[in-house]
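# Structure assessment
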Amino acid sequence: MVNAEFFDAITDIEREKGIPAAYMHEKISQALLAALKKDNPDAAENVIVNLDPEKKSIDVYIQMAVVEEVENPAVELTPETALKYEKHPEIGDIVHVPVETKNFGRIAAQAAKQVIIQGIREAERGMVYDEFTSKEHEILTGVVSRIEPRTGNISIRISSNSEFTEAMLSPNEQIKGERLVEGDRVKVYVVEVRKSTRGPQVLISRTHPGLVKRLFELEVPEIFDGTVEIRSIAREAGSRTKMAVLSHDPAVDPRGACIGPKGGRVSAIGDELGGEKIDVVLFSEIPEEYVAAALSPAEVVGVQMGSDGKSCRAIVPDNQLSLAIGKEGQNARLAAKLTGYKIDIKPESDVG
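Our subject in this report is the structure included herewith. Position numbers for residues count from 1 along each chain, tracking the sequence in the order it is written. For a predicted model such as this one, the threshold for reporting local features is a pLDDT of at least 70, and the threshold for listing and counting side-chain atom pairs is 80 or more; totals across whole chains, interfaces and linings nevertheless cover every residue. Computation of side-chain values covers all heavy atoms of the structure but excludes hydrogens and water.

## Examining the overall build of the protein
- Strands here are runs of E lasting at least two residues and helices are runs of H or I lasting at least four, both read from the DSSP assignment and numbered beginning at the N terminus. The helix and strand inventory of the protein stands at 12 helices and 15 strands.
- The globule rule used here is 2.2 Å times the number of residues to the 0.38 power, and the radius of gyration it is set against is calculated over C-alpha atoms. Against the compact-globule benchmark of 20 Å for 352 residues, the protein has a radius of gyration of 34 Å, which places it well outside the compact range.
- Dimensions of the protein, computed from C-alpha atoms along their principal axes, come out at roughly 115 × 45 × 45 Å.
- Here's how the labels work: a residue is buried when its accessible area is under 20% of the maximum for its type, exposed when over 50%, partly exposed in between, all with a 1.4 Å probe on protein chains only. Classification of the 352 residues of the protein by burial places 40% in the buried group.
- Counted over contacts in the protein with a minimum sequence separation of 6, partners at least 24 positions apart contribute 57%.
- Of the roughly 19700 Å² that the protein leaves accessible, carbon and sulfur atoms contribute 48%.
- Under this rule, positive means Lys or Arg and negative means Asp or Glu; His and the chain ends count for nothing. In this description, the location of a charge corresponds to atom NZ of lysine, CZ of arginine, CG of aspartate or CD of glutamate. When the 43 basic and 57 acidic side-chain charges of the protein are each reduced to a single mean position, those positions are 8 Å apart. Only heavy atoms matter for contacts: two residues are in contact if any of them lie within 4.5 Å across the pair. Surface exposure here means Shrake-Rupley accessible area, sampled with a 1.4 Å probe, where a residue is shielded only by the protein chains that are shown.

Okay, here's the thing in structure tokens:
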């Protein structure tokens, strides 16, 4: 155990798993202390562990007091015994008595092994946590590894750089109507990374509006470079999304950039989301214009803002009423969510 091969093994662990050698040295010191405490609990507070990576040596000592008459043999010794370790021991001196680690009992050795294994596990979990925390609110591609028929939970193996972990896609975070099978590659949005007793817990989603935003950033260069900005997203996953955009360059049409030539960009994202329909609308600081745009594809004759500043009335041609409201009220619901206004839709004939 106490030889060059031991330190070479630590170097291998650092290279293969990325666990710092200094961290392992600390855990091994803890393991040796734990082992000695198992074998000799009375000397527990008097133990010193000295790891020297340069000399590739590990020394374990018990600090023992030189006394005339030994009362506690775990931490005391006579001058005659102390001569084995020091040339001229005197009463009251503290002598460092070396301990041979190979003499540790079976239970003590097992305790040491457990501390080292636990240390490696903790380090690995820490690295996984740090890696995936840096990917919060980003998209990762994973592979479906298991589907639980009873609960509907889907286990997805996700990776980031060299780190891998299993994440669970719960039914609430799955796109309605989407059928995934084991082996499918799928893009997921990392909502949050939490620490738990069993290691890092990565919360992922296919329904989060952030997934749509990140997909557009990947697909549309003008969004990625900041020329076009996504101001708001309202989504009913698997069915329809409304996204408000604006351009910081008068020469760039934000809707055209997002939709792409012949609708290629928006349709590619819709396909990734299981055929979800995506309406790209122009954001405006003028509430009336913004609400009218949000109700597309319906035409809007006019918008009257309420005195409370939180509601409005949208007036549409009679033949556009059902389109403005949408199937089961979806178009109106998403427009209200997108703009933040409560929208009352009225046909033109009712207003007079």
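## Points about the pairing of strand E8 (residues 185-196)
- A pair of strands is treated as paired once DSSP finds two or more bridges between them. The pairing of strand E5 (residues 139-147) with E8 spans five bridges and is classified as antiparallel. Bridge pairing links isoleucine 139 to tyrosine 189 in E8.
- Summarising the sheet, E8 and strand E9 (residues 199-205) pair through seven bridges and their orientation is antiparallel. Counterpart to valine 193 in the pairing with E9 is valine 202.
- In textbook terms, the turn of a hairpin is the stretch between consecutive antiparallel strands, and for E8 and E9 this stretch comprises two residues.

## Overview of the sheet that holds strand E15 (residues 342-347)
- One open sheet accounts for three strands, arranged E13-E14-E15; its pairing is mixed. In this open sheet, the two edge strands, each paired with only one partner strand, are strand E13 (302-305) and E15. For this sheet the average axis-to-axis angle between neighbouring strands, irrespective of direction, equals 25 degrees.
- In the sheet, strand E14 (residues 311-316) pairs with E15 via six bridges, with the strands oriented parallel. From the neighbouring strand, valine 316 faces E15, where its bridge partner is proline 347.
- Interaxial angle, 0 to 180 degrees, is taken between N-to-C directions of lines fitted to C-alpha atoms, where a helix line uses only the stretch in contact. Packed on one face of the sheet, helix H9 (residues 287-294) meets E13, E14 and E15 and runs near 130 degrees to E13.

## Observations concerning the pattern of salt bridges
- A pairing counts as a salt bridge when a side-chain nitrogen of Lys or Arg comes within 4 Å of a carboxyl oxygen of Asp or Glu. All told, the structure shown has 13 salt bridges when counted by the stated rule.
- With its nearest N and O atoms 2.5 Å apart, the salt bridge here joins arginine 206 to glutamate 178. Taken as a pair, arginine 206 in the loop between E9 and helix H5 (209-219) and glutamate 178 in the loop between strand E7 (163-169) and E8 lie far apart in primary sequence, 28 residues in all. Assigned by exposure class, arginine 206 and glutamate 178 land together as buried.

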